[in-house]
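# Structural description and commentary
Each chain is listed here by its residues.
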Amino acid sequence: MLDHFVIATQGGIILWSCSFVALVDEPIKALLKNIVDTTMYEKERFAVGEYLVNWTASNDLGLIFIAAYQKILQLSYVEELLQVVKNSFIGEYKDILKSKSYFLRSVSDSPFLYETKFNTIYKAIESNDQYNRRNKATKPKSFESSDKYQNTMQGSKELIEEMSKSNPKQLEEDPGFDTPFLLKSQRKSVKMRAWDSKKSKKDSASASESGSKGKANRVWSDGTLNKDMMKSLDFNPNASEKSSLNESKSLDEKEKESLIDSKSLGKRASDGTYQVAGMENSNEISLNDDSDTEAQPSWSYGSIGTFFKNLTTGRVLTNKDLNEPIFQMSQHLIKKNVASDIAKKIAESVQQELVGVRAGGMQKISSLIHPAMKNTLSRILTPSTSTDLLRDIQNINNTKHRPYSIVFVGVNGVGKSTNLSKVCFWLLQNNLRVLIAACDTFRSGAVEQLRVHVKNLAALSPNESKIDLFERGYGKDSATIAKEAVGYAETNGYDVVLIDTAGRMQDNEPLMRALSKLVSANNPDKIIFVGEALVGNEAIQQLTKFNKALVEYSSTHVKRTIDAIILSKFDTIDDKVGAALTMTYITGKPIIFVGTGQTYTDLRGIRVSSVVDSLLKD
């Protein structure tokens, strides 16, 4: 049985609540405090004392729907209840919620009289769940999840591999493993390699005496890196065995021209701050934020406009009138690369605004559609938090006297290292001292790539700035490297630490655990997700699973999620900018930059009006 249900704002103000029993540990208050302070993952189960708390949010209206119940109960219908109540409550009080008029009323004069409807919904869903549980056959346990499977050869092998990955020392300390046998096998392999090495020396000596070049013998390794192997992996001609914190600032003019696009250079503000260029708007409909005249979208006379052609007769618009046009509107957004589920939700939101509106006889229906659609899209894309990174960096440097740390995360191949270097160029132009931490110890060539970037950026940066690379090679723990880098930066007076991480798919649990460990151990000031502008529905899975992993695998009580987004490859999508809308809608976090090319200056600030224009364009 449910104990408590609350509807509140994301700022922590309770709009409506229903209690079935008295609560002991105040789980609702604890959850609201965590949401306000840390921005938790939306569908996480939050535990407080003897209670579990499930919740969901409406980013459009800034609402949170919360259900609390005892841990001992297995309530499978809570998520369904939250979703149904969310849709019902928003549908019934949409006008009050959008106007925010409830803030002007006293507590005793609350406009939300929702108890009767809630009880009806709750009883129906609870009864349906009980019926399903009585008639549902229990699924047998699979053989792979049983203890007998671990006694098989394959099961034992998987168990040993899992334990060796999580803690290599466990094999030596655990009395359940035959450590002498493992060590004996390891000594045998070493002896075989030594014998093979002697043999190869004899063969090479005979080959040199005869003057002929024979086939080189294969060198077998036990997986550890030695000094010679590290040298063979380093393809940088200027690399040395010393620390890579001192790079040469020598580039000729042709090389500098290839690294900077003069057309995409930013501008200096009146206070001397270097600002990245904004998004170009030349091929889009002009929609200035301060313009008094509304620019009409081209589709208002196209596919959607035709459905409204016969509605401009002074009648009041109803859901029946709008069903077909709203469907066409959602299809239009999907063509712009908006995720299908998000497109439907946005179209339904616009429909709710148009229901009950009277269409004048001489009034164009596009004058009704366009403002509603534009307002909805602008509301979603407009940042709710600060996007001024320079101000945040200066604040941390001056108040806490430490460097500002930023972690770049994302899936494989989206351009994390490239966009990190672009952000670094922007910071260097503002005379900041930047340290790049090479925490991608998995991908071959990742450290060398950053070393080249550091060399180029050092040659392009002003004399007042500073750029260095902190790296510990491959095969090391990325969380430890990041912590050492932050400590080094604090000791040596750096302003910013940019932490590069390995690309990982959102379903790869070991790598996601490693990322959560890095975040938990270092608690960075900003976690930036780098995503491709080309993705559609995949963006939902990437962002939600990254956020979920950061929360679920965190080893601290402070739960972190993604703070901001950089969209890469934005120059390849023309006007299909739907990924920007999808990612912002899912996370409620701002897109601070978009990548538009391969040079260091191909980083632009996002302009909400430009994105909205592209989404509305046919």
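Residues numbered from 1 in each chain as written. Predicted model: local features only at pLDDT ≥ 70, side-chain atom pairs only at ≥ 80, totals over all residues. Heavy atoms only, no water.

The name that an unreviewed UniProt entry assigns to the chain is Signal recognition particle receptor subunit alpha, with the source organism given as Smittium culicis.

The next point concerns the nonpolar core. Core analysis: the biggest nonpolar cluster contains 106 residues, and Phe408, Leu427, Val434, Ile436 and Leu498 have the highest contact counts within it. Of the residues that make up this core, three or more belong to each of domain 2 (315-381) and domain 3 (389-616). Each residue touching Leu427, except ones within four places of it in the same chain, is listed here: Leu390, Ile393, Leu432, Val434, Val496 and Leu498. Counting residues in hydrophobic clusters, the runner-up holds 29 residues, among them Phe5, Tyr69, Val78 and Tyr93. (Core = buried A, V, L, I, M, F, W, Y, C linked by side-chain atoms within 4.5 Å. Buried < 20%, exposed > 50% of the residue type's maximum accessible area, 1.4 Å probe, protein only. Domains from an automatic or database assignment. Contact = heavy atoms within 4.5 Å.)

Let us look at the side chain of Glu471. Tracing the chain through its elements places Glu471 in the loop between strand E11 (466-470) and helix H18 (478-491). Classification of Glu471 by relative accessible area gives buried; the value is 18%. A polar side-chain atom of Glu471 sits 2.9 Å from a polar atom in the side chain of Arg451. A distance of 3.0 Å separates the side chain of Glu471 from the backbone nitrogen of Gly473, its partner in a polar contact. (Helix = DSSP H or I, 4+ residues; strand = E, 2+ residues; numbered from the N terminus. Polar contact = N/O pair within 3.5 Å; in protein donor to acceptor, adjacent residues only side chain to side chain.)

Right, let's get into the environment of Ala580. Along the chain, Ala580 turns up in helix H21 (residues 578-587). Taking the C-alpha atoms as reference points, Ala580 and Leu567, 13 residues apart in sequence, are found 7.4 Å from one another. For Ala580, the residues in contact, after removing those within four places along its chain, are Leu381, Leu567, Ile591 and Val611.

Take the pairing of strand E13 (residues 526-532) next. Across the seven residues that make up E13, a large majority, seven, are buried. Both faces of E13 are covered, namely the face carrying Lys526, Ile528, Val530 and Glu532 and the face carrying Ile527, Phe529 and Gly531. The sheet contact formed by E13 and strand E14 (residues 564-568) spans five bridges and is parallel. Among the inter-strand pairings, Ile528 is bridged to a residue of E14, identified as Ala564. (Pairing = 2+ DSSP bridges.)

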